[in-house]
Amino acid sequence: MTQVSATTTDLAGPDLRLSAEAEAPPPGAAGGYWHAVGRRLARDPVTITVTVVLLGIIFISLAAPLVAGADPYTGSVLSRLKPVGTPGHWLGTDETGRDLWARLCYGGRLSLLAGVLPVAISLCTGGLLGIVAGYLGGIVGTAIMRTIDVFYAFPSILLAIAICGLLGNGLSNSILALAVVFIPPMVRISETVTAQARQLDFVEAARASGTSTMQVIGHHVVPNVLGPILVYATSLISVSIILSAGLSFLGLGVTPPRPEWGLMLNSLRQAIYVQPYVAALPGVMIFITSMCFNLMSDGFRSAMDVKLNK
Amino acid sequence: MLVFVARRTLLAIPILLGVSLVVFGLVHIVPGNPIDMLMPPEASPEVIEQMKAAFGFDKPLYVQYLLWLLRALQGDFGLSVFNASPVWAQLVTALGNTLILAVLAALLGFSLGIMCGMVAALYHGRWPDKLFSAFATTGVSLPHYWCAIVLVMVFAVLHDWLPAQGMGDDSLPIWQRLDHLVLPVVTLSLIPMGVVGRLVRATVLEIVGMEFIGALTAKGLTRWPVIRHICKNAAPPVLALMGLQFGYLLGGSILVETVFNWPGSGNLLNLAIFRRDIPVLQATILVLAGFFVMLNLLVDIAQAAIDPRIRR
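Residues numbered from 1 in each chain as written. Chains lettered and ligands numbered in written order. Predicted model: local features only at pLDDT ≥ 70, side-chain atom pairs only at ≥ 80, totals over all residues.

Some points on the overall build of chain B
Check the secondary structure of chain B and you find 14 helices and 0 strands. Walking chain B from its N terminus toward its C terminus, one meets helices and strands in the order α-α-α-α-α-α-α-α-α-α-α-α-α-α. Here the C-alpha coordinates of chain B stretch approximately 85 × 55 × 35 Å along the principal axes. Counting over 312 residues, chain B shows a buried share of 37%. Considering only intrachain contacts with a sequence separation of at least 6, the fraction spanning at least 24 residues in chain B is 72%. (Helix = DSSP H or I, 4+ residues; strand = E, 2+ residues; numbered from the N terminus. Buried ≥ 20, exposed ≤ 12 C-beta atoms within 10 Å, placed from the backbone. Contact = placed C-beta atoms within 7 Å.)

Structural data, given as structure tokens:
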């Protein structure tokens, strides 16, 4: 008896999926779709390259104690501002004689954290608010969207600087400020895609057959809107890396002597007259990381065939 | 059209009110009183109470908000708590300096972006397209504060061609100090160029694929009139983006202004943060955000003027 029922569910499973796919191929619903995405990604050399570079940067940051070869906090006044290629300090030293390579390795930890975490927070809160607003509509939807409009009235960096400046400097405040900045666009994107997904036949059908709101959202809406929302979130990481390093650059983010690329760029700024190449290095790291996230997001977007209309 | 303008203008009012609430609220979310932050720890309670009364911090929050809003509407942002000079005067000078940079950077960035985007789309898949796409992606991913440092390094440190910072000697007329503008304007124009160029390329590509372009060509129209039709159809989304980007140039130039020591609104904001000068901070954010709302309003109206479909 048990065996029979198991077979029926097995049969019903693929059958349902096929019909859903024939209607409109929803992102994230069928294994076939993700297979196609994977195939397209495998044929895209740019996306593969930037992903490998990003994994390399993440590895170096995480394995900093192993690869740095020096302590990022201790320096010697005798060896400050050494040029690139100095024996023992292959990327030179900073204004207090600390090894730049070691500081770049350790700096990646905070820079990546301060760049990625705000996007993750805004993805969870903004995504949820947007899905609720898009699915429920009505008074709740309007209330959420009109509140978001107010935050849209601030140029993003201005809002981040205002929040950070008032709360005081520090890593957690900078993460919080950037999360607040990214929530409005996240809400807008997820509201738009949810309102579209709500019109799909199988969502209508689920609602008509009396499925609870939570279940419809959890089982039918979220899997269908997650693709575009995630793609949008990855495109925000690039901006977030630049902005969070920018906040530290202004002295509003990470506090010295902790290594962070934006802060390092600021403290080395005066050294451009002495060691221009060493002074530019932290910026190169910010640039490469942000560029890789940007290109990776572009690659995912075209592989997943997502069109985002902001 | 008039109805559209009126309705859209009315919609901006609640947003502006919301903005003022956020700006006011931000200051009061921070635990403690703005005066507590300013006064030295050894100040006597009587002096603190006196200061609170003088700045109106002893009243209930909603009264403080209404008073602040009423005065702000009349252009009275009070006195700076750092140097007791009127906030409005400081703000006007700083905004003027920022506007110079923003307008020039917008002109440079938008014109280059539109040109490159058009060329890339019309030569889709060939080398101008690939070159521009690479360039635009770089422009979008560049941390502009770093780019500013690199430009200073190349043009002011390695070669003594351009001044590294500031606005130059005040006693000289502005046209003799134009060299001070070059580096900040070029730095600021990179992002708008990349962003606008990318959108122009995508929009033009989409329009070129539409049926009416084929019909126009079949009708015997030459290349330039067809391009004119493409431009008119691509204008609304591009215009909207340019409005946003101009707003970012006004409000987001703080990092570049810091590098170049440019005495604009970003610099004023930065100083206000480090001096804990709440009146200056509130006024700068409020005015910049107000500018941004107005800019969006103008863009919406301009879009509707070009494309009648939007008016409905």
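Describing the interface of chain B and chain A
Chain B puts 37 residues into the contact, and the matching count from chain A is 32 residues. Listing elements by their share of the side of chain B that touches chain A, those giving two or more residues are helix H1 (2-29), helix H6 (127-141), helix H7 (144-158), helix H10 (223-251), helix H11 (254-260), helix H12 (265-275) and helix H13 (278-306) of chain B. Ranked by residue count, the leading element in the side of chain B that touches chain A is H7 of chain B, at 8 residues. Per-class residue counts for the side of chain B that touches chain A are 28 nonpolar, 9 polar and no charged. (Nonpolar A, V, L, I, M, F, W, Y, C, P; charged D, E, K, R; others polar.)

Description of helix H9 (residues 211-218) of chain B
In terms of burial, H9 of chain B is largely open, as just 0 of its 8 residues are buried. Residue Gly 220 of chain B follows H9 of chain B closely and has a positive phi angle near 105 degrees.

A word on H7 of chain B
Given a rise of 1.5 Å per residue, 15 residues ought to cover 21 Å, and the 20 Å separating the end C-alpha atoms of H7 of chain B matches this to within 8%. Along its length, H7 of chain B reaches its greatest deviation from straightness, about 30 degrees, at Val 152 of chain B. Taken as a whole, H7 of chain B has its buried residues at His 144, Tyr 145, Trp 146, Cys 147, Ala 148, Ile 149, Leu 151 and Val 152 of chain B. The inward-facing, buried residues of H7 of chain B contact helix H10 (213-249), helix H11 (261-267) and helix H12 (276-304) of chain A together with helix H8 (179-208) and H11 of chain B. (Expected span 1.5 Å × (residues − 1). Bend = angle between axes of the 7 residues up to and from the residue.)

Quick notes on the environment of Ser 44 of chain B
Residue placement: Ser 44 of chain B occurs in the loop between helix H2 (34-38) and helix H3 (45-55). Accessibility expressed as a C-beta count within 10 Å gives 9 for Ser 44 of chain B, which makes it exposed.

Topic: the confidence of the model for chain B
Residue and element names in this part refer to chain B. Looking at chain B as a whole, its pLDDT mean stands at 84, while 94% of the residues score no less than 70. Element-level pLDDT for chain B is lowest in H2, with a mean of 66, against a maximum mean of 90 in helix H5 (residues 87-122). Predicted complex, confidence summary: ipTM 0.84, pTM 0.84. (pLDDT = per-residue confidence, 0-100.)

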